[in-house]
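# Survey of secondary and tertiary structure
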Amino acid sequence: MLADWTQQEVLTGTTIMAVEYNGGVVIGADSRTSSGTYVTNRTQDKLTPLTEYIYCCRSGSAADTQAIADHVRYYLDFSRISQGREPTVRYAAHVMQSILYNNRDNLSAAVIVAGWDEVNGGQVYCIPLGGLLVRQPMAAGGSGSTYIWGHLDAQFKPGMTDTECQEFVAKSVSLAIKRDGSSGGVCRLAVINRSGVQRRIIMHEDLPKSYDG
Amino acid sequence: ISQKYIMSRYDRAITVFSPDGHLFQVEYAQEAVKKGSTAVGIRGGNCAVLAVEKKAAAKLQDDRTVRKMALLDNHVAMAFAGLTADARILINRARVECKSHRLTVEDPVTLEYIARFVAGIKQKYTQSTGRRPFGLSTLLVGFNVDGTPHLYCTDPSGAYNEWLANAVGKNDKTVREFLEKMYTPESVADEVGAIKLALRAILEVVQSGAKNVDLGVMRCRDGVPEWEILPAERLSALMAEIEAEREAEAEKKRARKE
């Protein structure tokens, strides 16, 4: 008699977010991976490097997104060597999109590609299920994002500083974790700009507080 | 318009044995290499150096686009002597293989692996119908994951060997003899020593001047491989030092004679 969770695909039922600011991007995610009701990993890292300056936030099937991120990283590594310069965020997003779109029937993956490049500074590209690609100043994804769209629409304003963005992302992820059963654990943050990536982790007890009802 | 592909046209191998056991096409390819501009490789104690002869660019040509050294991966670089167009193909195949290796086995290639890979492609073309061998010899330098520097050389036949120091292209014999005389592990123990030896070696057969030579160094900084092509000012300064050292040696010789 096998337990229910052993028969279910491992999903990153998730909250992921990315926000552009002048000079870079701030990305954030929760850390819960679940298999049905079993939390297989409560400290999962969903912010995956594609290059030194470009990250992707992964949601959907953990296996699919990990394999795809590996492939994208391979293409971008090759591009870095043969072009002799860092790939642009746009290029990374298009490589990601081409894999997600062309294999849409067999994949369950939605990602946000975000990073910094010389040409256009900080950029966020959202690639939901199906393989649509769109650049947005702020993007959120995963099951948890549905609970916070109202909050995001009300609180987001363009032209925030990177500190304001970090607070905004932390607060939003925290609210989503509260309401979404498939999101939980800690909040992982990363700031990507000209100097590279700085990563932060906000432990569960240190997440921004809100009305506990 | 449908084109009938006539198999028989491509049936004949170009590289076949001669009665006395030669593969003439391969040997002719090696002749093509001997016409190419010189490239020198040195394995130092903590670095690996490549120096290449820069052919004078035509007046209207942008000489930044003529690069005889190529980075294959973060930790592997290659210089060559021979047909530039052929080199482009091999460089591309090697670059893809380097990154593909990282994806599948999650480790950077070792120098031996990538040398074997490049040599393997070259060998295939000495045994395929309708194809000719690649007209180039390569010098591959870089660091393995364990932090050791290496230098490998491949030739049109598909043979590859590891070297402490080697030269390919025009006057390679002269340069190699110079290296056999002058190379000691102590003289190349540090980066400056290795660079100077590479410069001295290539200056045996190339006119002195920063515009005639390109020099690249693969070094390992805190475990992270770094590839640098020396800027012209640094090259000029080093060449001036070498000139001065040569002068001093000549002086000493004259003084001893008297």
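Residues numbered from 1 in each chain as written. Chains lettered and ligands numbered in written order. Predicted model: local features only at pLDDT ≥ 70, side-chain atom pairs only at ≥ 80, totals over all residues. Heavy atoms only, no water.

On to the overall build of chain A. Helix and strand counts for chain A stand at four helices and 13 strands. On C-alpha atoms alone, chain A measures out to a radius of gyration of 17 Å, which is about the 17 Å that the 2.2 N^0.38 rule sets for 213 residues. Along the first, second and third principal axes, the C-alpha set of chain A runs to 55 × 40 × 25 Å. Within chain A, the fraction of its 213 residues that count as buried is 51%. In chain A, 62% of the contacts between residues at least 6 apart in sequence involve partners at least 24 apart. Surface accessibility of chain A: about 10,200 Å² in total, with carbon and sulfur atoms responsible for 49%. Both charge centroids of chain A, one from 19 positive and one from 21 negative side chains, sit 2 Å from each other. (Helix = DSSP H or I, 4+ residues; strand = E, 2+ residues; numbered from the N terminus. Rg over C-alpha atoms; globule rule 2.2 N^0.38 Å. Buried < 20%, exposed > 50% of the residue type's maximum accessible area, 1.4 Å probe, protein only. Contact = heavy atoms within 4.5 Å. Areas by Shrake-Rupley, 256 points an atom, 1.4 Å probe, with all protein chains shown as cover. Lys, Arg positive; Asp, Glu negative; His and termini not counted. Charge placed at Lys NZ, Arg CZ, Asp CG, Glu CD.)

What follows deals with the overall build of chain B. Helix and strand counts for chain B come out as six helices and ten strands. Taken over the C-alpha trace, chain B has a radius of gyration of 20 Å; the compact-globule value for 258 residues is 18 Å, and the two agree within 12%. In terms of principal-axis extent, the alpha carbons of chain B reach across some 80 × 45 × 45 Å. Here the contacts in chain B between residues at least 6 apart in sequence split such that 65% fall between residues at least 24 apart. With the model as given, the accessible surface of chain B reaches about 14,100 Å², and the carbon-plus-sulfur share is 52%.

Residue and element names in this part refer to chain B. Its identity is not glycine, yet Glu106 carries a phi of approximately 60°, on the positive side. On the secondary structure map, Glu106 appears in the loop between helix 2 (84-105) and helix 3 (111-124). Positive phi values are uncommon outside glycine, yet Asn171 reaches one of about 55°. Locating Asn171 in the fold gives a position in the loop between strand 8 (165-168) and helix 4 (172-182).

Paired through backbone hydrogen bonds, the strands of a sheet run either parallel or antiparallel to each other. Residue and element names in this part refer to chain B. An order of 3-4-5-6-7 is seen for the five strands of this open sheet, with the pairing classed as antiparallel. Strands with a single pairing partner mark the edges of an open sheet, and in this sheet they are strand 3 (69-73) and strand 7 (160-162). Across the sheet, the axes of successive neighbouring strands diverge by a mean angle of 25°, strand direction being ignored. Contacting strand 3, strand 4 (76-82) and strand 5 (136-143), helix 2 crosses the sheet at an angle of about 20° to strand 3. (Pairing = 2+ DSSP bridges. Axes fitted to C-alpha atoms, helices over the stretch in contact; angles between N-to-C directions.)

Okay, the sheet that holds strand 2 (residues 47-53) of chain B next. Residue and element names in this part refer to chain B. Taken together, the five strands give an open sheet; going across it, the order is 8-1-2-9-10, and neighbouring strands pair in antiparallel fashion. The outermost strands of the open sheet, each flanked by one partner alone, are strand 8 and strand 10 (224-229). In this sheet, adjacent strand axes meet at a mean angle of 10° when their direction is disregarded. Bridge count between strand 2 and strand 9 (residues 213-221): seven bridges; the pairing is antiparallel. By the bridge assignment for strand 9, Val52 is matched with Asp214. Against the sheet, helix 4 engages strand 1 (39-43) and strand 8, with an angle of about 170° to strand 8.

The packing of two helices is summarised by the inter-axis angle and the distance between the axes. Residues and elements named next belong to chain B. Their axes nearest at 10 Å, the elements helix 2 and helix 3 cross at an angle of 135°. As judged from the angle between their axes, helix 2 and helix 3 are oblique. The way helix 2 lies across helix 3 gives a crossing that is right-handed. Contact with helix 2, carried on its side by Leu90, Arg93, Ala94, Glu97, Cys98 and His101, involves Tyr113, Ile114, Phe117, Val118, Ile121 and Lys122 of helix 3 and no other residues of that element. Tallied by class, the residues present in the contact of helix 2 with helix 3 amount to eight nonpolar, one polar and three charged. (Parallel < 35°, antiparallel > 145°, perpendicular 65-115°, else oblique. Left-handed = near helix turned anticlockwise from the far one by under 90°. Nonpolar A, V, L, I, M, F, W, Y, C, P; charged D, E, K, R; others polar.)

Residues and elements named next belong to chain A. As annotated in UniProt, the feature "active site" (unreviewed entry) corresponds to Thr14 in the numbering used here. By secondary structure assignment, the location of Thr14 is in the loop between strand 1 (11-12) and strand 2 (16-21). There is a polar contact of 3.0 Å between the side chain of Thr14 and the side chain of Lys46. (UniProt positions renumbered as here; feature names shortened; annotations may be inferred. Polar contact = N/O pair within 3.5 Å; in protein donor to acceptor, adjacent residues only side chain to side chain.)

Let us now look at the layout of surface pockets. The calculated volume of the largest pocket comes to roughly 710 Å³. In terms of lining, the largest pocket is formed by 25 residues, of which the most central are Arg73 and Asp77 of chain A together with Asn74, Lys99 and Arg102 of chain B. Partitioning the lining of the largest pocket into residue classes produces twelve nonpolar, two polar and eleven charged. (1 Å grid on protein atoms, 1.4 Å probe; cavity = no way out; pocket = protein on both sides within 12 Å on 5 of 7 lines; lining within 4 Å. Points joined across faces, edges and corners; volume = space filled by probe spheres on them.)

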